Structure formats: structure tokens, C-alpha cells
Amino acid sequence: HVLMAVTAAKVESYPWDHIVVQNVWPKDFYEVLLDNTPADDDPKWEQLRKAHRKLYWIEKDGVLRHPLPGFWETLHYEVLVSLRSALEHKFAVRGSYSGSELLSDWPGYHIRVHTDTPDKLITGLFYLPEDDLFAKHGTSLYLSDRGDPTGKLTPEAVAWIKTTPYVPNTAL
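Computed from a predicted structure; not experimentally measured.

**Student:** Whenever I open this one, unusual backbone geometry confuses me. Can you help?
**Tutor:** Of all residues except glycine, most have a negative phi; of all peptide bonds, most are trans. With an omega dihedral of 10°, the bond running from Y14 to P15 counts as a cis peptide bond. Relative to the assigned elements, P15 resides in the loop between α1 (2-8) and β1 (21-22). Not every positive phi belongs to a glycine, and N169 is a case in point at roughly 60°. Here N169 lies in the loop between β8 (158-164) and β9 (170-171).

What follows is the structure in C-alpha cells.
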């Protein structure tokens, strides 16, 4: 289902190539995905430097980072590896680095307008909320004709284009 949904998604080219896929997972599987999300007190969550955000590595550079519960290991090998290939084909890029991680943001978290690191060819986000209570807190896309190589942009240097709402079962 997820591979067909991503493959069938129309590529939007402004401000750069991207896709938005709603109902990316089958509804019943989405519920299973939520049920298998690691508990907040799981010691494998790493507190990031940024306050109010934690990271749970699934895979980095082809290596599973922790002994994962069977669900996540199966998801990685049966879906995420194929999904990476499908996205590389769809966007006509090829990379050598890969990583799969869960991020958990807490009230008070925010991130400034930024560019992604130059070594990332594709960044994919699966939104995993239980409801659409935080729909307005999705991922915003900006366009800039200037910036500095560190990825720090000033508000004056960017124009907001759109925000992909943070709603259940959506991918960007």
C-alpha cells in the first residue's frame, strides 16, 4: 500500500520537488503503527540538544541501531528499504547514506527556518499523530534566493510557500 501510494503521488515542483501523501498506510496498519511506537520512557530515546525533542534511531547507514522490537525490524526490512528505492527512482537521485528514525516533539518545541544538510538527497516525514489536534503545526516549506552555507536563514531572506498539515497518516 505505502509503495503504491508514494509511487502514484503527483510530484509538486514548487518550491522544489516534493510529494504529499494522505492515507499513506492502510487504516488498520496505521493503528498498529501507533500501538508499536516506543513508550516515552523507553531508554532508547535520545534527548537531542534541542529542548523538547527526542530521537529514536531505527537504522543508520544500513545498520539497525538497537535490538528493535520485531515490528520495527520487520517494517524496516519489508517496507522502508523498498521505499527508499522507490523514492530514489521517483526523484531520479541516488544516495549512499540512509537513516530511519522516530522523532518526538514536545510542547514548546520549535525549529527555525533552515536548509537541510547538503548530504541529504531525500528527507521523508511520516506524521504519526492520533488525531488532527495539531494540524497547524505541520512542516512549512519556504523559498529563499539567499542564505548562508550553515543553513541558517534570516526571516527576511525567505518567503513562506505552504504548510503540510500535521494530520494522521500523512507523508511529506
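What follows continues from the structure just given.
**Student:** Sorry, what's going on with helix α3 (residues 70-91) here?
**Tutor:** Because the α-helix completes a turn every 3.6 residues, residues three or four places apart line up on one side. Helix length check: α3, at 22 residues, gives a terminal C-alpha distance of 31 Å against a target of 32 Å (1.5 Å per residue), a fit within 8%. The largest bend in α3 amounts to roughly 40° and is located at H76. When α3 is considered as a whole, its buried residues turn out to be F71, W72, L75, H76, V79, L80, L83, L87, E88 and F91. Tucked into the core, α3 has its buried residues touching α1, α2 (27-35), β3 (53-60), β4 (63-64), β5 (99-105) and β6 (126-127). Once α3 finishes, A92 follows within two positions and takes phi at roughly 55°, a positive value.

**Student:** Help me understand the sheet that holds β1 in this model?
**Tutor:** Sheets are built from strands that pair by backbone hydrogen bonding, the pairs being arranged parallel or antiparallel. Taken together, three strands build an open sheet; the order of strands is β1-β9-β6 and the sheet is antiparallel. Of all the strands in the sheet, just β1 and β6 have a single pairing partner and so form its edges. Two elements, β6 and β9, share two bridges in a ladder whose sense is antiparallel. Each residue of the ladder has a partner; that of Y127, found in β9, is T170.

**Student:** Sorry if this is basic, but what is going on with the nonpolar core here?
**Tutor:** Nonpolar side chains in soluble globular proteins tend to end up buried together. Residues V6, V21, W25 and L75 are the most contacted members of the largest nonpolar core, which totals 24 residues. For this core, the element with the highest residue contribution is α3, accounting for eight residues. Contact partners of L75, with chain neighbours within four places excluded, come to W25, F29, L33 and L80.

**Student:** How should the environment of T115 be read in this particular structure?
**Tutor:** Summarising the element assignment, T115 is placed in the loop between β5 and β6. Residue T115 is classed as partly exposed on the basis of its relative accessible area, which comes to 40%. Between the alpha carbons of T115 and E130 there is a distance of 28 Å; along the sequence they are 15 residues apart.

How each quantity is defined
- Residues numbered from 1 in each chain as written.
- Predicted model: local features only at pLDDT ≥ 70, side-chain atom pairs only at ≥ 80, totals over all residues.
- Heavy atoms only, no water.
- Helix = DSSP H or I, 4+ residues; strand = E, 2+ residues; numbered from the N terminus.
- Expected span 1.5 Å × (residues − 1).
- Bend = angle between axes of the 7 residues up to and from the residue.
- Buried < 20%, exposed > 50% of the residue type's maximum accessible area, 1.4 Å probe, protein only.
- Contact = heavy atoms within 4.5 Å.
- Pairing = 2+ DSSP bridges.
- Core = buried A, V, L, I, M, F, W, Y, C linked by side-chain atoms within 4.5 Å.

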